[in-house]
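Below, each chain spelled out in residue letters.
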Amino acid sequence: RSKRMAETLDERNRQVAELAAQANATPISDDPRLVARHVVTSVRSVTGDPTWQLAVLATADAEELGPGVYDAAAATPGELTDLHRWASVAGSGEAGPVRRNDGPWGAFLIVEVAAHDELRAILLAPWEGRAEPSAAEVDLLSLVGQTTATAIEHALLYAKVRRQADALDRMGSIQRDFLRAVSHDLQTPLASIRGLAGELRSRVGMDRDSATDLDLIEHQADRL
């Protein structure tokens, strides 16, 4: 019995260590959809269960990460079905972030993924014929759900900041183009003004006041 407990503890430590490593390797600067797929890969690797899926029901930025079922292998998310909608609400708020529910589609283990009110998602895996998860497994899956929520939230935030930076770059480019155009349009008339002032200065009999005015004209033309 002691040997089994030690082996179980070793396995749990391995899973926690791998979860931490996977969390550090999450590419939050990538497309949030790629981050969602990475999350599914991580969960499957940590638990050793290839059946886990991520069902995203709502986010604050549907353009970057729209509702759908995210799989590690699929390039595009699958459609949400009645199964996923049922799983997202069945028993929610009663059994904590990790729960096992039986329904029309069979038994499923469901892990809540929510970093804030604007993110609604779940991890789920078929659980027909499997034993109830132990307290240690529930703790691990709760941590998995929190890590998943954090990764998605950070990816969405990074995407938002990236869009804002791109918008600022475009505004800066427009401003630079405008200033270049104005500068180009002013060069010809300013050159004419300076040239005419120089011609007038060269005329014989220029009085002091007129010369002062021409100095001012040339100075202002140079400044412009």
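Structure: see above.
Residues numbered from 1 in each chain as written. Predicted model: local features only at pLDDT ≥ 70, side-chain atom pairs only at ≥ 80, totals over all residues. Heavy atoms only, no water.

> Any details on the overall build of the chain? Residues and values, ideally.
Helix and strand content of the chain: five helices and five strands. Secondary structure elements of the chain, listed N to C terminal, follow the sequence α-α-β-β-α-β-β-β-α-α. Out of the 224 residues belonging to the chain, those deemed buried represent 33%. The long-range fraction of contacts in the chain, counting pairs at least 24 apart against all pairs at least 6 apart in sequence, stands at 56%. Within the structure as shown, the chain displays about 13600 Å² of accessible surface, and the carbon and sulfur contribution to it stands at 55%. (Helix = DSSP H or I, 4+ residues; strand = E, 2+ residues; numbered from the N terminus. Buried < 20%, exposed > 50% of the residue type's maximum accessible area, 1.4 Å probe, protein only. Contact = heavy atoms within 4.5 Å. Areas by Shrake-Rupley, 256 points an atom, 1.4 Å probe, with all protein chains shown as cover.)

> An account of the pairing of strand S4 (residues 106-113) is needed here, citing residue identities and associated values.
Counting buried positions along S4 gives seven out of eight residues, so the element sits mostly inside the fold. Direction of pairing for strand S3 (residues 98-103) relative to S4: antiparallel, over a ladder of six bridges. Across the sheet, Val98 pairs through a bridge with Val111, a residue of S4. Bridge count for S4 against strand S5 (residues 120-126) is six bridges, and the pairing is antiparallel. Within the sheet, the bridge partner assigned to Ile110 lies in S5 and is Leu124. (Pairing = 2+ DSSP bridges.)

> Kindly report on helix H5 (residues 208-223), identifying the contributing residues and their values.
Working note: α-helix, 3.6 residues per turn, so residues spaced by three or four point in the same direction. Counted at 1.5 Å a residue, the expected span for H5 with its 16 residues is 22 Å, and the 23 Å between its end C-alpha atoms agrees. Of the surrounding elements, those touching the buried residues of H5 are helix H4 (135-201). Among the residues of H5, the N-terminal cap falls to Asp207, whose side-chain oxygen and the backbone nitrogen of Asp209 are separated by 3.1 Å. (Expected span 1.5 Å × (residues − 1). Polar contact = N/O pair within 3.5 Å; in protein donor to acceptor, adjacent residues only side chain to side chain.)

> Account for the packing of aromatic side chains, with residues named and values stated.
Each aromatic ring pair is summarised here by two numbers: the centre-to-centre distance and the angle between the ring planes. Enumeration over the complete set of coordinates arrives at three aromatic pairs. Seen in terms of ring centroids, Trp52 and Trp127 are 6.5 Å apart; in terms of plane orientation they differ by 50°. Their pairing is tilted. Of the two residues, Trp52 is situated in the loop between helix H2 (32-47) and strand S1 (53-58) and Trp127 in the loop between S5 and H4; the sequence distance between them amounts to 75 residues. We note that Trp52, like Trp127, is buried. Residues Trp86 and Trp105 carry aromatic rings whose centres are separated by 5.8 Å and whose planes lie at 45° to one another, so their mutual orientation is tilted. Residue Trp86 is located in helix H3 (residues 82-89), and its partner Trp105 is located in the loop between S3 and S4; the two are separated by 19 residues in the primary sequence. Residue classification places Trp86 among the buried residues on the basis of a relative accessible area of 17%. Look at Trp105 and you get partly exposed, because its relative accessible area is 42%. Each member of the aromatic cluster is reached from another via a ring pair, and the members are Trp86, Trp105 and Phe108. Over the aromatic face of Trp127 sits the side chain of Arg130, whose NZ or CZ is 4.2 Å from the ring centroid. (Phe/Tyr/Trp six-rings, centres within 6.5 Å; stacked < 30°, edge-to-face > 60°. Lys NZ or Arg CZ within 6 Å of the ring centre and 35° of its normal.)

> Quick rundown of the sheet that holds S1? Include the residues and the values.
Read across the sheet, five strands follow the order S2-S1-S5-S4-S3 without closing on themselves; strand pairing throughout is antiparallel. Both outer strands of the open sheet, strand S2 (68-70) and S3, are each paired with one neighbouring strand and no more. Each adjacent strand pair in this sheet contributes to an overall mean axis angle of 30°, direction not counted. Contacts between H2 and the sheet are confined to S1, S2 and S5, with S2 contributing the most and set at about 50° to the helix. Strand contacts of H4: S1, S3, S4 and S5, with the helix running at about 55° to S4, the strand carrying the most contacts. (Axes fitted to C-alpha atoms, helices over the stretch in contact; angles between N-to-C directions.)

> How would you explain the nonpolar core if you had to name every residue and give the values?
The biggest cluster of nonpolar side chains holds 27 residues, and the ones touching the most others in it are Trp52, Leu54, Leu65, Val113, Leu123 and Ile152. Counting only elements with at least two residues in this core, the list comes to H2, S1, S4, S5 and H4. Counting residues per element, this core draws most heavily on H4, at seven residues. When neighbours within four sequence positions are excluded, Leu54 is seen to be in contact with Ala36, Val40, Gly68, Val69, Tyr70, Val113, Ala121, Ile122, Leu123, Thr148 and Ile152. Grouped together as the second largest cluster of nonpolar side chains are twelve residues, Leu83, Trp86, Ala90 and Leu124 included. (Core = buried A, V, L, I, M, F, W, Y, C linked by side-chain atoms within 4.5 Å.)

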